[in-house]
Amino acid sequence: MKKEFKISMAVMALATVTIFSACNNSGGEAKTSDKDSSKMEMTHEGGDHIYACPMHPEVTGKEGDTCPKCGMKLEHNDNAGAPSNVSMQFTSNPATPKPGEEVTLSMTPKIKDKPTEQVPLDVEHTKKIHLIVVSDDLSWFDHIHPELNADGSYSVKEKFPAPGKYTLFADYKPSGANHTVDYLNVTVAGTVPAAKVYGADKLTGTAGDGFSVSLTPEGGKFLTNMAMHINGVVMLNGKEVDVTTLEDYLGAKAHMVVVSLADKKYLHVHPSVEGGKFDLHTTFEKPGVYRGWIQFQSKGKVYTSDFVMNVAEGNADNMKGMDMKKDEHAEH
Ligand SMILES: [Cu+2]
């Protein structure tokens, strides 16, 4: 976090300079400790298959294990745990755009200490880079996909609506290495408008054309220190939609991103489908205000619903209640 902060300060101060982001965030999560990675290597040398969480590749284990961070079943993955030495060399042109001005965002994956080497990226969810863009107060969100150019860079055009700082999460996977999220910044010129202030949870988000999505955290509240399950129901004109009837968007029935307001921590939430509803799992590491955006597709059109979640510190008292609910659920 300290490094990211330094980089964002540098971007603000030297917005015209290309910033080589030196920090690698594996899925925005804490780095694998040396102890864990040596354990992983030994397992690999022993000829056993490695199982890793699809969303948190640093979490490895054996077949049948589940990820303590999100509750997903670990999947066979021989690449799991391979450290990513890759980060995005990023430029925006113009470097300090005006509100509403078209900006070209360019990024090139670079291997540390090998600046001339081209870095192939795997296609994930039908794209090589998912770029999530949010305003500093998280009142504005966009999800775009830079496309590969002949020179090995990826670029995409964007228009930022208002002055102020924007955080860009470049979500990608170098071939043979870990899933990576780089945190980039663009500062838009002008007087920054007052930041949006958030109050209570907003768990129903309208999406246009009569669509809305409602979230319900299992156990009734959002807490840290536990794998959260959140139910997501899609409604169309007041009637529940079986989410299996939605079209695939980027190779899945929905995509969800959650970002913390205070430190812009990026959580890619994996929505699985259960009984015609979404079952979203994630882990909140710190208490505070989070915003979420879920995106899905119907009749060729992409819809976005947005949410406000107030996450409390999970402690012995409030988690006890959650466990009871969980047990009830398990007995069904
Ligand atoms: Cu994407």
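Structure: above.
Because the structure is predicted, anything quoted here is derived from the model rather than measured.

Visitor: How should the overall build of the chain be read in this particular structure?
Guide: Along the backbone of the chain there are 3 helices and 22 strands. Expressed as a percentage of the 332 residues in the chain, the buried residues total 47%. Put simply, 62% of the contacts in the chain that link residues at least 6 apart link residues at least 24 apart. Taken as a whole, the chain presents about 16100 Å² of accessible surface, with 53% of it coming from carbon and sulfur.

Visitor: When you look at the coordination of the copper ion in this model, what are you seeing that I'm missing?
Guide: Bound to the copper ion are the protein donor atoms His130 (ND1), His143 (NE2) and His145 (NE2), situated 1.7 to 2.1 Å from the metal. Counting along the primary sequence, the residues that act as donors to the copper ion give the motif H-x12-H-x1-H.

Visitor: Looking at this structure, how should I read the pairing of strand E20 (residues 277–282)?
Guide: Two faces make up the sheet, and in a regular strand the side chains alternate between them. E20 sits mainly inside the fold: 5 of its 6 residues count as buried. Both strand E16 (residues 228–236) and E20 contribute to a ladder of 5 bridges, which runs antiparallel. Among the inter-strand pairings, Ile230 is bridged to a residue of E20, identified as Leu280. Bridging between strand E19 (residues 266–274) and E20 involves 5 bridges; their strand directions are antiparallel.

Visitor: Would you explain the environment of Val133 in this entry?
Guide: Residue placement: Val133 occurs in strand E7 (residues 129–135). Residue Val133 is classed as buried on the basis of its relative accessible area, which comes to 0%. Residues Val133 and Phe160, spaced 27 residues apart in sequence, show a C-alpha to C-alpha distance of 9.2 Å. If we skip the residues at most four places from it in the chain, Val133 touches Trp140, Phe141, Asp142, Ile144, Glu158, Phe160, Tyr166, Thr167 and Leu168.

Visitor: What is the right way to look at unusual backbone geometry in this model?
Guide: Excluding glycine, residues mostly have negative phi values, and the peptide bonds linking residues are mostly trans. The omega torsion of the bond from Asn93 to Pro94 falls at 0 degrees, within 30 degrees of zero and hence cis. Mapped onto the elements, Pro94 comes out in the loop between strand E5 (86–93) and strand E6 (102–111). One non-glycine residue, Leu138, adopts positive backbone phi at about 60 degrees. Mapping Leu138 onto the fold places it in the loop between E7 and strand E8 (141–144).

Visitor: It is not clear to me how the side chain of Thr283 should be interpreted in this structure. Could you clarify?
Guide: Here Thr283 is to be found in the loop between E20 and strand E21 (288–298). Contacts of Thr283, omitting those with residues within four sequence positions, involve Pro68, Lys69, Cys70, Met226, Ala227 and Leu267.

Cut-offs applied
- Residues numbered from 1 in each chain as written.
- Predicted model: local features only at pLDDT ≥ 70, side-chain atom pairs only at ≥ 80, totals over all residues.
- Heavy atoms only, no water.
- Helix = DSSP H or I, 4+ residues; strand = E, 2+ residues; numbered from the N terminus.
- Buried < 20%, exposed > 50% of the residue type's maximum accessible area, 1.4 Å probe, protein only.
- Contact = heavy atoms within 4.5 Å.
- Areas by Shrake-Rupley, 256 points an atom, 1.4 Å probe, with all protein chains shown as cover.
- Donors = N, O, S within 2.8 Å, 3.2 Å for Na, K, Ca; no water.
- Pairing = 2+ DSSP bridges.

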